[in-house]
Each structure stands twice: as structure tokens, then as C-alpha cells.
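Single-letter residue listing:
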There are 2 protein chains.
Amino acid sequence: MEYWALATGGAALVGLVVAFLYAKMVTREAPGDEKMQSIAGAIREGAMAFIRREYQVLAVFVLIVFALIAIFIWHKPVDVVEGKRIIGESTYTGIYTAIAYVLGAICSMTAGFVGMNIATKASVRTTHGAEEGGIGRALTIAFRGGAVMGLTVAGLGLLGLSVVYLIFVKWWQVVATPAGQASIITGFSLGASSVALFARVGGGIYTKAADVGADLVGKVEAGIPEDDPRNPAVIADNVGDNVGDVAGMGADLYESYVGSIVAPIALAATVFALSGSPDGVTRGMLLPMLIAGVGIVASVIATLFVRSKEGSHPARALNMGSYGAALLTTIGTLFVVLFWLRDVEAVKHPIGFWISIVAGLAAGLAIGWISEIYTSDRFRPVKEIAQSSQTGAATTILSGFSEGMESTAGAIILLVGAIAGAYLAGNWAMPDVANSGIYGIALAAIGMLSTTGMTVSVDAYGPIADNAGGISEMSGRPPEVRRITDSLDALGNTTAAIAKGFAIASAGVTALALFKAYTAAVGIDVIDLARWQTVVGLFLGGMFPFLFSSMAIKAVGRAAYNMIEEVRRQFREIPGLREGKEGARAEYARCVDISTRAALKRMIPPASIAVVSPVVIGLWDVQALAGYLAGALVVGFLMAIFMANAGGAWDNAKKYIEAGNLGGKGTPTHAAAVVGDTVGDPFKDTAGPCMNIMIKVMSVIALVFAPLFIR
Amino acid sequence: MEYWALATGGAALVGLVVAFLYAKMVTREAPGDEKMQSIAGAIREGAMAFIRREYQVLAVFVLIVFALIAIFIWHKPVDVVEGKRIIGESTYTGIYTAIAYVLGAICSMTAGFVGMNIATKASVRTTHGAEEGGIGRALTIAFRGGAVMGLTVAGLGLLGLSVVYLIFVKWWQVVATPAGQASIITGFSLGASSVALFARVGGGIYTKAADVGADLVGKVEAGIPEDDPRNPAVIADNVGDNVGDVAGMGADLYESYVGSIVAPIALAATVFALSGSPDGVTRGMLLPMLIAGVGIVASVIATLFVRSKEGSHPARALNMGSYGAALLTTIGTLFVVLFWLRDVEAVKHPIGFWISIVAGLAAGLAIGWISEIYTSDRFRPVKEIAQSSQTGAATTILSGFSEGMESTAGAIILLVGAIAGAYLAGNWAMPDVANSGIYGIALAAIGMLSTTGMTVSVDAYGPIADNAGGISEMSGRPPEVRRITDSLDALGNTTAAIAKGFAIASAGVTALALFKAYTAAVGIDVIDLARWQTVVGLFLGGMFPFLFSSMAIKAVGRAAYNMIEEVRRQFREIPGLREGKEGARAEYARCVDISTRAALKRMIPPASIAVVSPVVIGLWDVQALAGYLAGALVVGFLMAIFMANAGGAWDNAKKYIEAGNLGGKGTPTHAAAVVGDTVGDPFKDTAGPCMNIMIKVMSVIALVFAPLFIR
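Residues numbered from 1 in each chain as written. Chains lettered and ligands numbered in written order. Predicted model: local features only at pLDDT ≥ 70, side-chain atom pairs only at ≥ 80, totals over all residues.

Caption draft 1: Structural context of the overall build of chain A. Along its length, chain A carries 19 helices and two strands. The C-alpha radius of gyration of chain A comes to 24 Å, within 12% of the 27 Å expected for a compact globule of 711 residues. Dimensions of chain A, computed from C-alpha atoms along their principal axes, come out at roughly 80 × 50 × 45 Å. By the burial criterion, 69% of the 711 residues in chain A qualify as buried. (Helix = DSSP H or I, 4+ residues; strand = E, 2+ residues; numbered from the N terminus. Rg over C-alpha atoms; globule rule 2.2 N^0.38 Å. Buried ≥ 20, exposed ≤ 12 C-beta atoms within 10 Å, placed from the backbone.)

So this is what it looks like as C-alpha cells:
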């Protein structure tokens, strides 16, 4: 039975092998002339230097948490509780959870490293490809570069889980009970989450400090265009795209992916205990991994659909990939669910669980569409923001602010619709079994994320195209090269918004499942919202996303300020730099260093509070912790949607005006829109994307340390 | 026993009589020359016209809700539930609740009408007083004008409650059970809340549409100073101060005050049922009214402390009033609690309830201090926002945004501290009785608001001084008159921030008590946060404050846009207006009309959703409604604090620069700060102050319609 985990591991390996092949294809492309290579080399060097230093900090953090898990949850016997009855005892052994935790962290870091490594190589080759072969060639190279990241993320995620399952559960059989097994696997998820949190916060601070700093002093003060080599912050800005939008985003989706697989595994331990079939629990625990396996194979096949024909819009090619993967997964999971659960007695209608999966997939897509409606200039909100820029920056901000807040309504309604649908379908699949509906909700999250391989591929392609544009500008390629990369980049804004929609929607659903797994783990029947401790937890949890966002935005503001000071200093002290005289060379490395140091220093406080606070509150009161998680979940979800959509809308309102509408560039209307864009930058790329990781880190920490809270 | 309600009614009458005397004193002052009177007359006329039209809309709404309550809760027998045991039956009669509802609404409207009537008279007399008698004279007149509002609000609130109690409970004895009695009294609270919601939303849209419109086109485009009579929107702007900051704020605090008294009354019905003393329930229900009576008498006495000595800072005089009232109430309530509860058997330590009251009072003051730290230019946040204006409007916005979000942390920690303290003290006062801690929490809210008479007096004085400044400017008084009113007005910004702190802190605590009263009313033991319906409710409730804020801010934006168009038209079409030529007269009335129509039209959708949505969700699932209320409470509280403090900080950062710091007026730094101020305006004066009312309207609606949800 358990050997089916070999099959999921096999699917994961397929993903990794294809990623390797794509990496080979990318590196085999011509990297352009010497100037391009030297610029690309500087970006690559900065990005790799940052990630190395970030991982050093992370290694210390991971070791500390490893020790804490190993020590505090060491050999603690845990009652396995179902309702109020004790149905078994597990000699739950923290050391295995701790090992799984380290494995999860290492896999996440490896995926980030590999993906970014290839991305930095792909961007210069995309520039060259655009010059030599036009848009089709450039799209192919950029997408393959992104696919390396995408398939590595999904492949390493599922492979790691399969290995952990096979070693600890099947071969060593270190714990007797399903609950104990689930705990070990949760450790792997915690590893992924904590790396992701630091990578997103650190990468987000890095990229926006460089971007805001470069823009404010370059475009606004010195009046030189974006990506101009005279701007000392320009290399840091391009490094930022890699560490934030490639590595940070990859770690984020890796975390979401692993979390969405682990949540139903953790639930299966209790839900399938009453399934009436001897191998019911194993089937319940392996089902999520099988679904993920189907998703990887579907994603691999769908990457072949992404081919740009001459003259067709590149969006068409990417959509073919995304929808292709979703369709293949939908069909594949139907067979898997029907086959896999056919003999489990309590599962009366296996197709109910498939409906749960599809409900998740549909909600993920629909939330992505809402993002598109609010952030694309084809629809009302962006046009209204652009129009309100005609009465100045204040109305631009107010308009974007209210559109962003409004956009949460649609997202929340879709989310609760998916929750309700997945619950009812899960409950129908397995009637008379407690929490079968919650298992359905957890499957909805996998439904959303099963095609992560494809989602990340499409998303990572954006910053590669963006970087390709920067390299083209800095190396003085002809303007049509830039025009090609710009058109690819603009498309990337929308794909990024859709990927964020998936990440946050899945976080909302996954956290809910983890929430239920937590209550089971601490052995409480209900979380009573009428108890004052729960309410106190709810208030504190609701406050935390505000505090976290405040810290992240402040970090960007301060780092950007340092960057501005440094750029001003270089313009002042390096003769001829501002005028672009021959021989006057900006000191790029100093700007890179400012971003690096700021990011590493300022990522620690918010991330640490997210990790430590649930433990502190859990030690006080287990229901207060439940309230805390619920508060953070709701407010974090709202802030994530609000910030992503407001930020994206401001960005595209500016682009809409730059495209020549309402007077175009250089008008006061454009200046007002630039203010909106700058405000939106840390919203959508620093604070916003951290929300979903923060929500899950907190939930998973609660789940892992649950044995500590039971007295 | 019940005749003690006569005593509370008496205390309320004392407040009203003193309000009448202050009104006489104000109207007896000289109103200045003809030009001043004509300007003041125009403002007064606009304000009164608006409030009449607003009340017409409100009357329709109140009649509809009256009918709904009377019909749907008509003679519905309600089991009185304690835990899971039914301990009695009440032939709860909706018609009385409906009548109490209308009474509550009428009292609220009367208080708003009287207060604003006197405020519009006081402002022109303050101008004249400043010219003739200096700052001391001006302060006295403005404060007395405010005190009319303050004492009318508190007096009519308590008098109305006393009358409802005496008539329905004591004399007619229309319902047999305490739960039924509590329901009738809750109806009065709902009347107050629904009027307040419309008054705050409508007034907020009015005032900011006029303010933002006048500023953007006057100061920014035409380059004429604030309150210049050439600006056609200037009268509308001054009308706005009255309908928003006087009438809206008064209705808001009236609602908070009544709500904080009603919540413990509603709880007392169940908590004191097990008190072991025959008159325990009556004592538990009357205690909140007695505390309020002490607060009114204390406020009346404290108004006598507000005397400006020559040369002393006017802040000192106002602080004497505020702290004096708080101190007198603290002492007075100690005796009342000890005397009143001395014979109730289950109350082992009456002083515990007094500690609950003081915990509330202290937390209210402390949350006010936090507001001061984040919004006063003497502290770091405002200085940092001013500094970040040096790098442009985008950094101003980001900086204010993150300071505002950060400020929620302190407020939440104080709030949960007060909740915990009040709960534990209440529980200690009445050990072994379920929910005695929650009763303690409810008393904490009264602790905060017992001195409402004084809080509103101090708050209403601000817009009176602001209007006095406007009249001085428009009527061409010497600049020192304006300097006096400006110094009084600046002080008003801080007192307004403190009053908002009280309003929102009390809302947080009151809503919690109402929440518990709701669970008792629908007869559920626990609200299980692990049920999916509750989570769905939580998500929807959390989303609503975002949607509400979005609607309110959009309403301001659109109305301001219409205002700008109209002002531009007048400048274009009325010859000589912009240059200020003799005989060129702006058409003020058209601008007043734009604000009026926009406010009346756009206040309806958000307010209606707040009223209707709890009923819809409650009909679906009673626990989902509990989740909905909890979500709205947490997010509404956060948004209220965030918006009030970010808005206040931006405003004062601009004032800090205008005072000559960082280059002063006319610099790009100042221009950036003006953007911040304009963004902050609808935050702090439209959307933000609605949050606390919205929270309570929803809770009270749930409580009133609870009988409908039980199947």
C-alpha cells in the first residue's frame, strides 16, 4: 500500500528531470556579446551573493528551530483523541519531526537556488534571443527559464514529502499512530514555510528598496530613464527582480504547495480512522500526494503547449499552458480519486472529493480573474484610478485604496463559496464521518495548487523578461529589443497577479484545514469564540498582519532612503556620471550592498515574531491560540488581496497613462500616477505577498508545537 | 427598588437643565457685526437645511425598521435559557421594542439638532469674543457651545433609558422576564445606533466632499488661501464642520453612550438571575444607569473647572475639565457600587466591579494617549512623516500608512488588557456565577463613557473654534482674531483624536458584551470557531469594514469631483470672482447643494448593508452570525484606529511643516505633506469614525432580531 509513495516520488522525479533538460536548453543558448555578458554577470553575482548571505542567516535560524523541536517535543507521549475519547497513544518523537523540518528547509533553499541560478542565465539569453529571433524566440527562452523554477519547486516539494513518508512511515516505522506520522510530515512543511517567510520578506525588502530608491532619485530627481546605466542603483534594481520575484516567489509557492499537501495528510489521520477499512488511513494520507503527482505530470505535459506562433499574442501561449495543465489535472484526478477510494467503506461517493478538488481549482482561477479585473487596464478600476490622477496624487491614492479594498469583497465571496462547496461535497463523499467536510476543504487547496509546476513557470518568466529588458537597455541594444521584452514583461504583471491570487486563496483554505488539525492535536472539541481568551487571541491575531505590514513597509522606506542618499552621493562625487561621460562609472556594488544589508537585517524582526508568537500564546491558552490563528487568517487574507490588487492597479494605471492616455508621460497626471505606483510597490511586492506565508507559518508552528500546549 | 430609575432620570435632567443654561449664556453673547452675522447665517442655514433633509430620509428608514421589528418579533414567545436549561418563558412583545426603538432614534435626532443649532450660534460669537475679549473669552464661549451638545447627548441618552425602563418595566410591566425587559431596552439602543450610522456616514461624506473639493481647487489650482470668500465651496466647507464634526460626532457618542449602558443591562438579565437575592436582577440592571448618572453629575461639575486664566494655555483648562470629570466619576462610582450591591448574595466582592469600571476608564484614557503620540507633532511618528515628505508624496503616504498600522498594536494591547482585567475583576466580584466576568467587561465600557458629557463638550468645541476661524477670515477680521481661533482649533485636533479613541475603545468592549448577550438570546452555549459556517461568517464579517470603507471613500471622491467641477465652472463663468473684484459673488448655495445631495444619496447603501446583512446571515445560521460579528469587530476596530491615527498624523505633519519646519509652506516638502493630509481626510473623518458605529449596529441588530433566528 505505502509503496504508492514511490509512484508519487516517481512523478516528482519526472518533473525534476524535465527541469534539468530545460536548464540544459537554456544554458545552451547564446549569451550575447561581451557587454551584455558583463552586465548580466554583475546582476548574477549580486543575486548569488545575496542568496548566499541570506541562506547563512537562514541556516542559523533553521538550526535553532531544529534544536527547539528536538528538545521540547522529545519523546512526549501524546494521546490520540477523537472527540473526547482517547483512541490510542503515540510515542511521538520530536527528533523525527525536527529532521523532517531540516529536510523541508533544505529542499526549499535548493529550489530557490537552482531556479534563480537558471533565471539569471536565462534573462541575458532572452535579450539575445529577442534581438536575433524576435518575440517567439524570446518567449521560449524566458518561459523555459521559468519552467526550471516551476518544475524544481513542484518536483522537490513532492519528492521530499515522498521520501519523508517512505523513510519514516513505511520503512523505519518510527511512530505507531497516524497522528504521529502526520506530525513528522508537518515538520517538513514547517521547514518550507520558515524558509519561505524569510525569503519573501528579505527578497521583498531588497527588491523594493532598490526599485523605489532607483526610481525616486533616477527618474524623478535626475530625470534619467529607467534601467539607465548612469543610475548607480540600476544593478541593484535588477538583482532585486531575481531575489524578490524569482527566488522569493518560488519559495512562497513551494511553501504553499507543500502546505496544501500536508494539511489533508494531517487531517486524514483522524478522519479516516473511522473509515471502516483497514488501509483507510493510509489511503487518506496518500491521496493528496497522488493528486500532486497527477498535477506535476500534467504541468510537464502542458509546458509543451507553450509555443508562440509567429504573429499570435504571447498571452495565448501562456494561457494554453495554464489552462492545459488545469484541464489535464481535472481529468487525471477524477480517475485517481475514483480508483484510489473505491474500496474504502465509509467513502460512499468518492466523486464528492473530486468535486472538492475542482471547487478549489475553480475558486483559484476565479480569484485570479478578480485580480485581473482590478489590475488590468482593460477594466473600470484601473481606468478610474488613471482618471482620478487628473486631480492630483491624493485622489490617485484614495482611488487605488478604495478599489483595492473593494476587491476583497469578490475574493472573499469566492473563497467562502469554495469553502462551503468543498465542505458539503466532502461531507457527501463520506457521510456520517466527523470532519470529512474539512478533509474536502483541504483537498480544495490541493486542487488550487496541483498545477504549481505550471503556475510558477508562468510567473517566473515575468521577472526574466523584465531583467532581459534591463540588460537590453544597459547594453545599448536597439529599441525594438526593448519593445519585445517590454511586451513580455507587461504580460508578466498579469501572470504575477494571478499567481498571487492562487497563493493567497490556497493559504486561506489550507490554513483552515491546519486549524482543524490543530484542534484535533490539542484535543479540544470546540473553539469557543464566546470565551474571553479566544477573543483576546482573535484581536491580537488580527492586529499582527497590520504590525507585520507596517514593519515591512518601514524597512523598505528606510532602505530606500539609504539608497537615495548613496545615489545622490555618487552623482555628486563621481565627475561626469550624471551627464553620462565616457569613463565615468557608477559604483554599482555599493548600492547592491545597501540593499543586501538592509534586507538581511530587517527581515529578522517580523519573521521572528511570526514564528515565536504562536508558541507564546499557545503556552498561555490553547483556545486563545486558535483565536490568534483565526484573526491572523482573516486579516492576513484581506490585506494580501487588498495590497496585491491596489499595488497592481496603481502600477497599471501608470502604464496606462504612459501608453499615451490622458496626456501621457510628462504631464502632471502622469506624475500623480507615479506616486501611486511608488506607494503600491512595497504593498504588492513586499508586505502583501508575505501575508499568506505568515498565516501558514503560524498555523504550522501551532500544529508542530501542539504537544507542548497540552497539560 | 425600580424607583431608583427616577434618580438616574433626575441626574439626566440636571444635565439637560445645565445644557439649557449654557445655551442661554451662549445666545446672550453679542453676535458681531452685520457681515459676520450674514456669513454665520449662511453657514447655519446650510447646516440646518442639511440636517432637516437628512432627518427626512432617516424618518423613512426608522419607520421601516419600526414596522419590521413590530411585525417580525410580534408576540413571539421566547424561552429564557441559561446554559442549556430553560428557566422560564417570556411573551416577548416586539411592539414595545419597536416603540423603544423609535424613542431612541428621536432622542438621538433631538440631541443632534439642539447641539448643532447652538454650535452654529456659538461659532460667530466665538469670533466676536476673540476680537473683543481675547483667547479666554473665546475659549469660554466655544466651550459652552460644546457643552450644550455634550450635556444634551448624555442627558437625553440617560433620560430616555430611564423613561423606557420606568414605563415598560416598572409601570406597565409589559414583559415578565428580565430577558424580555432587556430586549425592549436594546430597542432604544438600536434607535440610537441606526441614527448615528446615517449621521456619521452622511455627515462624513458631506464634510470631506466639501473640504477636499474646496482645498483641491482653491488652494492647489486657484492659489487662494483657506476660507477665502472667493472660493464658492467655502460655505459648504464650514457647513461640513457642523454637520460632520458636531452633529455626526454627537450622534456617534450618543450611540456609544447608550450602547455601553444597554450592554450590561442586557447581560444582567442572565448573570444576576443566579445572584441568590430576590432583587438581584433589578440591581444588576439598574447599576449601569446609576454609574451613568454619577458620570453626568461629575461632568456638570467639571464644566465649571474649564476656565482659562489670562496667560495660561487653553489646553490646561480643557484638561482640567476632562481629568476632573474622570476623577469625580472614579470616586463617585466607588460609593455607588459598594452601596448598591451590598446585599446581593452572590456578589462577594463588589469592589471587583468597580475595578472593572476603572480598568475601562484607564484603557480609554491610555488609548487616547496613544492617539496623541501618533498624531501630535511633539512625538516621533509625525516628525518622521514630515521628514519623509522631503522625498516626495509617495514616501509621505507610505510613512503615514505604516505609522497608522503600527499604532493599532498599542491600542489592541491596551484593549485586550482592559478586557482581561475587567473580566478577571468581574469574575472575582461574583465568583461561581457564569458570565460575571463578561458583566465586568460591559461595566468597563461604561467606565470609559460615563464622562461622555465632558468628552463631547471638549470635542464639539473644536469645530466651533474652526468655524469661528472661517467666519473671521471671510468677514475680514484682523489677523490676530484668526490666530486666536487657530490656536483653539489646533487644540481641537488633539481632543478629537482622544474622543475617537474613547469611541472606538468603548465600541470594542461594548460589542463584546453585546456578543455574549446575543449568544444568550439565541440560546447557544458556545460559538464554535471550528465549524465551517462560523469561519465563513468570520471571513464575511472581516471583509465588511473593507467594503464599507471603500464605499465611503469612493463617495467622498465622487462628490469632491463634482464640487471641483462646480467651482471651476463658477471661476470660469462669474467674471471677476477669482480676482476678488467688488460685486463678483460666488454662488455658495450651489456648492452646499452638491454636498447635501451627494451625502444623502451615498450614505444609504453602506448603512443599509450594515443593517440588513446581520439579519440575512442570522437567518442562515446563528453561529455564522456570531462569526460575522466577531470578524467585523476585529477588522472594524483595527481600521478605526488605523484610519484615525494615520489621518491625524498626516494632518499634523502638514501643520508641522506649515509652522516653518523643513522649509515651511510653498516648498515641495509641503506639497507632499498636503497630499498626505488630503488622503487622510476621508480616512479620519468619513470612513474611520463609522467603524465603531457599524460594529455596534450589527451587534444590536443581531440582538434585537435574535428571536427570529431561533427555530
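Caption draft 2: Spatial organisation of the nonpolar core. Residues Ile-419 and Ala-513 of chain A together with Ile-419 and Ala-513 of chain B are the most contacted members of the largest nonpolar core, which totals 579 residues. Setting aside its immediate chain neighbours within four residues, Ala-513 of chain B contacts Ala-263, Pro-264, Leu-267, Ile-438, Ile-441, Ala-442 and Ala-445 of chain B. (Core = buried A, V, L, I, M, F, W, Y, C linked by C-beta atoms within 7 Å. Contact = placed C-beta atoms within 7 Å.)

Caption draft 3: Geometry of the packing of helix α6 (residues 280–303) of chain B against helix α7 (residues 314–340) of chain B. All names here are of chain B. Closest axis-to-axis distance for the α6/α7 pair is 8 Å, and the angle between their directions is 150 degrees. Taken together, the axes of α6 and α7 are roughly antiparallel relative to one another. For the crossing formed where α6 meets α7, the hand is right-handed. Taken together, the residues of α7 that come into contact with α6 (itself represented by Arg-283, Leu-287, Leu-290, Ile-291, Val-294, Gly-295, Ala-298, Ser-299, Ile-301, Ala-302 and Thr-303) are Gly-321, Gly-324, Ala-325, Leu-328, Thr-329, Gly-332, Thr-333, Val-336 and Trp-340. A class-by-class count of the residues in the contact of α6 with α7 yields eleven nonpolar, eight polar and one charged. (Axes fitted to C-alpha atoms, helices over the stretch in contact; angles between N-to-C directions. Parallel < 35°, antiparallel > 145°, perpendicular 65-115°, else oblique. Left-handed = near helix turned anticlockwise from the far one by under 90°. Nonpolar A, V, L, I, M, F, W, Y, C, P; charged D, E, K, R; others polar.)

Caption draft 4: Representation of helix α17 (residues 622–658) of chain B in the model. Residue and element names in this part refer to chain B. If you check α17, its first and last C-alpha atoms are 53 Å apart, about what 37 residues at 1.5 Å a residue would give, namely 54 Å. In terms of burial, α17 is a largely internal element, 35 of the 37 residues being buried. Looking one or two residues beyond α17, the residue adopting positive phi is Gly-660, at roughly 110 degrees. (Expected span 1.5 Å × (residues − 1).)

Caption draft 5: View of the relation of the copies chain B and chain A. Overlay of chain B on chain A (RMSD 0.0 Å): rotation 180 degrees, translation along the axis 0.0 Å. Such values leave the two copies arranged in the relation of a two-fold axis. Across chain B, the rotation axis passes nearest the C-alpha of Asp-528 of chain B, at a separation of 2.5 Å. A shared interface surface links the copies, since 100% of the contact residues of chain B are contact residues in chain A too. (Least-squares fit on C-alpha atoms with pLDDT ≥ 70 in both.)

Caption draft 6: Spatial organisation of the environment of Ala-236 of chain B. Residue and element names in this part refer to chain B. In this structure, Ala-236 sits in helix α5 (residues 234–271). With 189 residues separating them along the chain, Ala-236 and Ala-47 place their C-alpha atoms 8.7 Å apart. Ignoring anything within four residues of it in the chain, the contact list for Ala-236 reads Gly-46, Ala-210, Cys-591, Val-592 and Ser-595.

Caption draft 7: Main features of the interface of chain B and chain A. Contacts between the two partners involve 60 residues from chain B, matched on the other side by 60 residues from chain A. Elements with a contribution of two residues or more to the side of chain B that touches chain A: α4 (178–222), α10 (393–429), α13 (479–522), α14 (532–573), α17 and α18 (668–704) of chain B. Tallied by class, the residues present in the side of chain B that touches chain A amount to 41 nonpolar, 15 polar and four charged.

Caption draft 8: Broad picture of the packing of helix α8 (residues 350–375) of chain A against helix α11 (residues 436–449) of chain A. Residue and element names in this part refer to chain A. Their axes nearest at 7 Å, the elements α8 and α11 cross at an angle of 50 degrees. The angle between α8 and α11 falls in the class oblique. Judged by the sense of rotation from one axis to the other, the crossing of α8 with α11 is right-handed. On α11, the residues touching Phe-353, Ser-356, Ile-357, Val-358, Ala-359, Gly-360, Leu-361, Ala-363 and Gly-364 of α8 are Gly-440, Leu-443, Ala-444, Ala-445, Ile-446, Gly-447 and Met-448. Across the contact of α8 with α11, the residue classes break down as eleven nonpolar, five polar and no charged.

Caption draft 9: Representation of the environment of Gly-41 of chain B in the model. Residue and element names in this part refer to chain B. Relative to the assigned elements, Gly-41 resides in helix α2 (residues 34–72). Accessibility expressed as a C-beta count within 10 Å gives 14 for Gly-41, which makes it partly exposed. Separated by 83 residues in the primary sequence, Gly-41 and Val-124 have C-alpha atoms spaced 9.2 Å apart.

Caption draft 10: Geometry of α13 of chain B. All names here are of chain B. Between its first and last C-alpha atoms α13 spans 62 Å; for 44 residues at 1.5 Å apiece the expected length is 64 Å, and the two agree. In terms of burial, α13 is a largely internal element, 37 of the 44 residues being buried. After α13 finishes, the residue Gly-523 shows a positive phi value of roughly 70 degrees.

Caption draft 11: Structural context of the confidence of the model for chain A. Of all residues in chain A, 96% have pLDDT values of 70 or greater, and the mean over the chain is 88. The ipTM for the predicted assembly is 0.93, set against a pTM of 0.93. (pLDDT = per-residue confidence, 0-100.)

Caption draft 12: Fine view of the environment of Phe-683 of chain B. Residues and elements named next belong to chain B. Among the secondary structure elements, Phe-683 is positioned in helix α18. Classification of Phe-683 as buried rests on a count of 30 C-beta atoms within 10 Å. Sequence separation between Phe-683 and Gly-648 is 35 residues, and the spatial gap between their C-alpha atoms is 9.0 Å. Here Phe-683 is in contact with Met-643, Ala-646, Gly-647 and Gly-688, once residues within four sequence places are set aside.

Caption draft 13: Focus on unusual backbone geometry. All names here are of chain A. Even without glycine at this site, Asp-432 takes up a positive phi of about 70 degrees. Here Asp-432 shows up in the loop between α10 (393–429) and α11. C-beta crowding within 10 Å serves as the criterion here: with 9 such atoms nearby, Asp-432 is assigned to the exposed category. Of note, the phi angle at Leu-662 is positive, near 50 degrees, even though the residue is not glycine.

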